[in-house]
Amino acid sequence: MSRKERIVRYTDKELESMQVHGQDKSDWKSAAAISGKEIEAAVAGDEDETGMHIDWSSISAEPPRPKAVLNMRVDYDVLEFFRSQGKGYQKKINAVLRSYVEQKQRH
């Protein structure tokens, strides 16, 4: 069975209904009773978290920059190359152009 086949999706309404009817497997009372210090201790004791410390006070979320609408001519085979890669091909073209700009700005 592939990973995708094991993924189950529920709407928020379905999850609420499952919780009301006791059909979910989460122990919400126990989870709500855990203190912040207990959570931090559990994280600190998790070997997968060793050495991982994020100072959330210094994190900033930058809103995405607006995109400019552009009509341009490109070679047909170049466009087909990107289109053949499926959904998101315009983002890939933008990423290639951005990489070029960043390389030029460094030199």
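Nothing here was measured: the structure is a model prediction, and the numbers come from that model.

What counts and what doesn't
- Residues numbered from 1 in each chain as written.
- Predicted model: local features only at pLDDT ≥ 70, side-chain atom pairs only at ≥ 80, totals over all residues.
- Heavy atoms only, no water.
- Axes fitted to C-alpha atoms, helices over the stretch in contact; angles between N-to-C directions.
- Helix = DSSP H or I, 4+ residues; strand = E, 2+ residues; numbered from the N terminus.
- Contact = heavy atoms within 4.5 Å.
- Nonpolar A, V, L, I, M, F, W, Y, C, P; charged D, E, K, R; others polar.
- Patch = residues over 30% accessible without salt bridge, like charges linked within 9 Å, V, L, I, M, F, W, Y side chains within 5 Å.
- Areas by Shrake-Rupley, 256 points an atom, 1.4 Å probe, with all protein chains shown as cover.
- Salt bridge = Lys/Arg side-chain N within 4 Å of Asp/Glu carboxyl O.
- Lys, Arg positive; Asp, Glu negative; His and termini not counted.
- Charge placed at Lys NZ, Arg CZ, Asp CG, Glu CD.
- Buried < 20%, exposed > 50% of the residue type's maximum accessible area, 1.4 Å probe, protein only.
- Phe/Tyr/Trp six-rings, centres within 6.5 Å; stacked < 30°, edge-to-face > 60°.

### Focus: the packing of helix H5 (residues 76–83) against helix H6 (residues 89–106)
The geometry of H5 relative to H6 is characterised by a closest axis approach of 8 Å and an angle of 115° between their N-to-C directions. For the pair H5 and H6, contact is made by Leu79, Phe82 and Arg83 and by Tyr89, Lys92, Ile93 and Val96, respectively. Its residues assigned to classes, the contact of H5 with H6 comprises 5 nonpolar, no polar and 2 charged.

### Considerations on a positive patch on the surface
Together, Arg65, Lys67, Lys87, Lys91 and Arg98 make up a positively charged patch on the protein surface. For lysine 87, the location among the structural elements is in the loop between H5 and H6. Take lysine 87: its relative accessible area is 87%, and that puts it in the exposed class.

### Comments concerning a nonpolar patch on the surface
Together, Leu70, Met72, Val74 and Val78 line one region of the surface with nonpolar side chains, adding up to about 370 Å² of accessible area. Relative to the helices and strands, leucine 70 is located in the loop between helix H4 (36–44) and H5. Here leucine 70 falls in the exposed class, since its relative accessible area comes to 58%.

### Remarks on the environment of valine 43
By secondary structure assignment, the location of valine 43 is in helix H4. Using a relative accessible area of 41% as the deciding quantity, one classes valine 43 as partly exposed. A C-alpha to C-alpha distance of 44 Å links valine 43 and serine 84, two positions 41 residues apart in sequence.

### Quick word on the packing of aromatic side chains
Overall, the coordinates contain 1 aromatic pair when judged by the stated rule. Relative to phenylalanine 82, the ring of phenylalanine 81 lies with its centre 5.3 Å away and its plane at 85°, an arrangement referred to as edge-to-face. For phenylalanine 82, a relative accessible area of 13% translates into the label buried.

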